[in-house]
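Residue-level structure breakdown
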Amino acid sequence: DAKTTQPNSMESNEEEPVHLPCNHSTISGTDYIHWYRQLPSQGPEYVIHGLTSNVNNRMASLAIAEDRKSSTLILHRATLRDAAVYYCILRGNSGAGSYQLTFGKGTKLSVIP
Amino acid sequence: GAGVSQSPSNKVTEKGKDVELRCDPISGHTALYWYRQSLGQGLEFLIYFQGNSAPDKSGLPSDRFSAERTGGSVSTLTIQRTQQEDSAVYLCASSSRQANYGYTFGSGTRLTVV
């Protein structure tokens, strides 16, 4: 199974940009890169996903390296509400890899007021 | 409803008792998933339902665990003869089938076996 590697924790000051890295050197050509976050006492929340091109939505931006072996989730202005554990996940296009998602430990983001 | 609804939100049960956990997915979502999250751990896949296809039960940890999905909508996860190691947060999610759609998770059921 393709795996991802993320730092255990990161800190950011409120209202500053945050760049959360993820390495996925064994990614296959059909794997999508998904990001979720989990606030305390809640289920994970979908943030963004991409395949090859950079993606933007109302929550965040996703920058994908040209070789697709790494990606970065960008929060443009961190708020206290963004304090959560962020998971980078590879999701296959078909079969078990498309639904047996592997959530590792993720990156715990702390936002300092 | 607008989101995935799970009930109960909390359940404390005595060791050896059976429990049922319920999940109401988003209307129109054909795929439904159960995961569990033990304290301080990542999510562990349990079971996957897709439309009328046979479910993928490969993640169920023992034969004490079973799940049903009736009418392609509501799902129930049943744990028989609960053990202390079953204590965890049980999360349900639903999605449309394509890999380029994200899951919508419920808030989970926190199960404590005493």
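Residues numbered from 1 in each chain as written. Chains lettered and ligands numbered in written order. Predicted model: local features only at pLDDT ≥ 70, side-chain atom pairs only at ≥ 80, totals over all residues. Heavy atoms only, no water.

**Some words on the state of the cysteines**
Residue and element names in this part refer to chain B. Applicable threshold: Throughout, a disulfide means two cysteine sulfur atoms within 2.5 Å of one another. Helix and strand assignments come from DSSP, with helices taken as H or I runs of at least 4 residues and strands as E runs of at least 2, each series counted from the N terminus. We call a residue buried when its accessible area falls under 20% of the maximum for its residue type, exposed when it is over 50%, and partly exposed in between, using a 1.4 Å probe and counting protein chains only.
Applying the stated criterion to the full structure yields two disulfides over all chains. One disulfide in the model links Cys23 with Cys92; its S-S distance is 1.9 Å. Torsion about the S-S bond of the Cys23 and Cys92 cystine: about -65 degrees, corresponding to left-handed handedness. Pair noted here: Cys23 is in strand E3 (residues 19–24) and Cys92 is in strand E8 (residues 88–95), with a separation of 69 residues, a long-range link. Accessibility classification places Cys23 together with Cys92 in one group, the buried group.

**Digging into the packing of aromatic side chains**
The line we're drawing: By convention, a stacked pair of Phe, Tyr or Trp rings (six-membered ring in the case of Trp) has centres within 6.5 Å and planes under 30 degrees apart, an edge-to-face pair has planes over 60 apart, and any other such pair is tilted.
By the definition in use, this model includes 15 aromatic pairs over all chains. Here the aromatic rings of B:Tyr35 and B:Tyr103 are separated by 6.5 Å at their centres, their planes lie at 55 degrees, and the arrangement is tilted. Highlighted residues: B:Tyr35 in strand E4 (residues 31–37) and B:Tyr103 in the loop between E8 and strand E9 (104–105), separated in sequence by 68 residues. When sorted by exposure, B:Tyr35 lands in the same class as B:Tyr103, which is buried. Seen in terms of ring centroids, B:Tyr103 and B:Phe105 are 5.9 Å apart; in terms of plane orientation they differ by 40 degrees. Their pairing is tilted. On the accessibility criterion, B:Phe105 (9% relative accessible area) is buried. What links up through ring pairs into an aromatic cluster is the set A:Tyr36, A:Tyr46, A:Tyr87, A:Tyr99, A:Phe103, B:Tyr33, B:Tyr35, B:Phe45, B:Tyr48, B:Tyr103 and B:Phe105.

**Some thoughts on the sheet that holds strand E1 (residues 5–7) of chain B**
Strand pairing in a sheet relies on backbone hydrogen bonds, with the paired strands running either antiparallel or parallel. Residue and element names in this part refer to chain B. Just so we agree on the cut-off: Two strands qualify as a pair provided DSSP detects at least 2 bridges between them. Structural elements are reduced to axes, namely lines fitted to C-alpha atoms, with helices fitted over the stretch in contact, and the angle between N-to-C directions of any two is expressed from 0 to 180 degrees.
Strand order in the open sheet made by the four strands is E1-E3-E7-E6, with antiparallel pairing throughout. Since the sheet does not close on itself, it has two edges, and those belong to E1 and strand E6 (65–69), each with one partner. Strand-to-strand twist of the sheet, defined as the mean angle between neighbouring strand axes without regard to direction, takes the value 15 degrees. In this structure, E1 lies alongside E3, joined through three bridges in antiparallel fashion.

**Description of the sheet that holds strand E4 (residues 45–50) of chain A**
Residues and elements named next belong to chain A. The strand order across the open sheet formed by five strands is E1-E9-E8-E3-E4, and the pairing between neighbours is mixed. Bordering the open sheet on either side are strand E1 (9–13) and E4, each of which pairs with just one other strand. The sheet shows a mean angle of 25 degrees between the axes of neighbouring strands, direction not considered. The sheet contact formed by strand E8 (residues 84–91) and strand E9 (residues 107–112) spans three bridges and is antiparallel. Bridge assignment links Val85 to a residue of E9, and that residue is Lys108.

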